[in-house]
Amino acid sequence: MTSRNDRIEKIIPKLSDPIAELEQLRDEMENWKDSMEYSNKENSDKYSEVFECFSILEIAVQKLEDAQNELSDLIFPTARG
């Protein structure tokens, strides 16, 4: 039987790929947002949609990175005293 600590250690690296994909999507939205700002389109509905998408992705990336860091510090208690 695999220990809880071993199981969590296998999970932590698997979070890196989804985080990287979300970072790439966030960067794409940020570039789109920045180009709209450069074109003075920051008052448009489309800009609001792009900004909202960027903001949600930014929060998601931060939360997943925080979770990954917290999990790496996690140590399960043992049944033995």
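For the structure, check the block above.
Residues numbered from 1 in each chain as written. Predicted model: local features only at pLDDT ≥ 70, side-chain atom pairs only at ≥ 80, totals over all residues. Heavy atoms only, no water.

Chemist: Could you clarify how one ought to interpret the overall build of the protein chain in this entry?
Modeler: Each helix and strand counted, the protein chain has three helices and zero strands in total. In terms of overall dimensions, the protein chain is more spread out than a globule: its C-alpha atoms have a radius of gyration of 19 Å, far above the 12 Å expected for 81 residues. Structurally, the protein chain occupies a C-alpha span of about 65 × 20 × 15 Å along its principal axes. Burial status across the protein chain gives 16% buried among its 81 residues. Taking contacts inside the protein chain between residues at least 6 apart in sequence as the whole, the part at least 24 apart equals 70%. Of the roughly 6400 Å² of accessible surface on the protein chain, a fraction of 52% belongs to carbon and sulfur atoms. With 10 positive and 19 negative side-chain charges, the protein chain shows a spacing of 10 Å between the two charge centroids. (Helix = DSSP H or I, 4+ residues; strand = E, 2+ residues; numbered from the N terminus. Rg over C-alpha atoms; globule rule 2.2 N^0.38 Å. Buried < 20%, exposed > 50% of the residue type's maximum accessible area, 1.4 Å probe, protein only. Contact = heavy atoms within 4.5 Å. Areas by Shrake-Rupley, 256 points an atom, 1.4 Å probe, with all protein chains shown as cover. Lys, Arg positive; Asp, Glu negative; His and termini not counted. Charge placed at Lys NZ, Arg CZ, Asp CG, Glu CD.)

Chemist: Is there a simple way to think about unusual backbone geometry in this case?
Modeler: Glycine aside, the phi torsion of most residues is negative, and most peptide linkages are trans. Even without being glycine, Asn-40 reaches a positive phi, approximately 60°. Here Asn-40 is to be found in the loop between helix H2 (16-38) and helix H3 (45-72).

Chemist: Looking at this structure, how should I read the packing of aromatic side chains?
Modeler: For any pair of aromatic rings, geometry is given as the distance between the ring centres together with the angle between the planes. Overall, the coordinates contain two aromatic pairs when judged by the stated rule. Considering the side-chain rings of Phe-51 and Phe-54, the 6.5 Å spacing of their centres and the 50° angle between planes classify their relative orientation as tilted. Separated by three residues within a single helix, Phe-51 and Phe-54 lie in helix H3, roughly one turn from each other. A network of ring pairs unites the aromatic residues Tyr-47, Phe-51 and Phe-54 as a single cluster. Over the aromatic face of Phe-54 sits the side chain of Lys-33, whose NZ or CZ is 5.2 Å from the ring centroid. (Phe/Tyr/Trp six-rings, centres within 6.5 Å; stacked < 30°, edge-to-face > 60°. Lys NZ or Arg CZ within 6 Å of the ring centre and 35° of its normal.)

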